[in-house]
Amino acid sequence: MNIDEIIKKVAKVHNTTPEEVYAEMQIALDAAFQSKDPEVQKEWAKIPFKGDHPTPEDVIPYLVDQLKNPQEAVS
């Protein structure tokens, strides 16, 4: 299942649009990414992303990989 399919399923469950789900995900990621907590920033440094902030396309595959490999999971 790709990211677009995941977002569409979430939108359907919550009776909204995929665009709204994506926008809300990005808002949440941006808020979390701006944390000044050094431990939070340490975890963000583990997630590869292009640009100046992570997107759902960056974070979702990383988290899926962590779920598949729990010995390397985010602490």
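Our subject is the structure that appears above.
None of the values given here were measured: they were computed from a predicted structure.

Participant: Explanation requested: the overall build of the protein chain in the structure shown.
Facilitator: Across its full length, the protein chain holds 4 helices and 0 strands. Along the protein chain, helices (α) and strands (β) appear in the sequence α-α-α-α when read from the amino end. The burial tally for the protein chain puts 21% of its 75 residues in the buried class. Partitioning the intrachain contacts of the protein chain with sequence separation of at least 6 by distance along the chain shows that 38% fall at a separation of at least 24.

Participant: Whenever I open this one, the packing of aromatic side chains confuses me. Can you help?
Facilitator: For any pair of aromatic rings, the description consists of the separation of the ring centres together with the inter-plane angle of the planes. Scanning all chains against the criterion turns up 2 aromatic pairs. Ring geometry for phenylalanine 33 versus tryptophan 44: centroids 5.4 Å apart, planes at 85°, classification edge-to-face. In this pair, phenylalanine 33 is assigned in helix α2 (residues 18–33) and tryptophan 44 in helix α3 (residues 38–44), connecting sequence segments 11 residues apart. Plain terms: the ring middles of phenylalanine 33 and phenylalanine 49 are 5.4 Å apart, the flat faces sit at 90° to each other, and that makes the pair edge-to-face. Separated by 16 residues along the polypeptide, phenylalanine 33 in helix α2 and phenylalanine 49 in the loop between α3 and α4 (56–68) bring together distant segments of the chain. Among the residues examined, phenylalanine 49 registers a relative accessible area of 27% and is labelled partly exposed. A connected cluster of aromatic rings, assembled from ring pairs, spans Phe33, Trp44 and Phe49.

So, how was this worked out
Residues numbered from 1 in each chain as written. Predicted model: local features only at pLDDT ≥ 70, side-chain atom pairs only at ≥ 80, totals over all residues. Heavy atoms only, no water. Helix = DSSP H or I, 4+ residues; strand = E, 2+ residues; numbered from the N terminus. Buried < 20%, exposed > 50% of the residue type's maximum accessible area, 1.4 Å probe, protein only. Contact = heavy atoms within 4.5 Å. Phe/Tyr/Trp six-rings, centres within 6.5 Å; stacked < 30°, edge-to-face > 60°.

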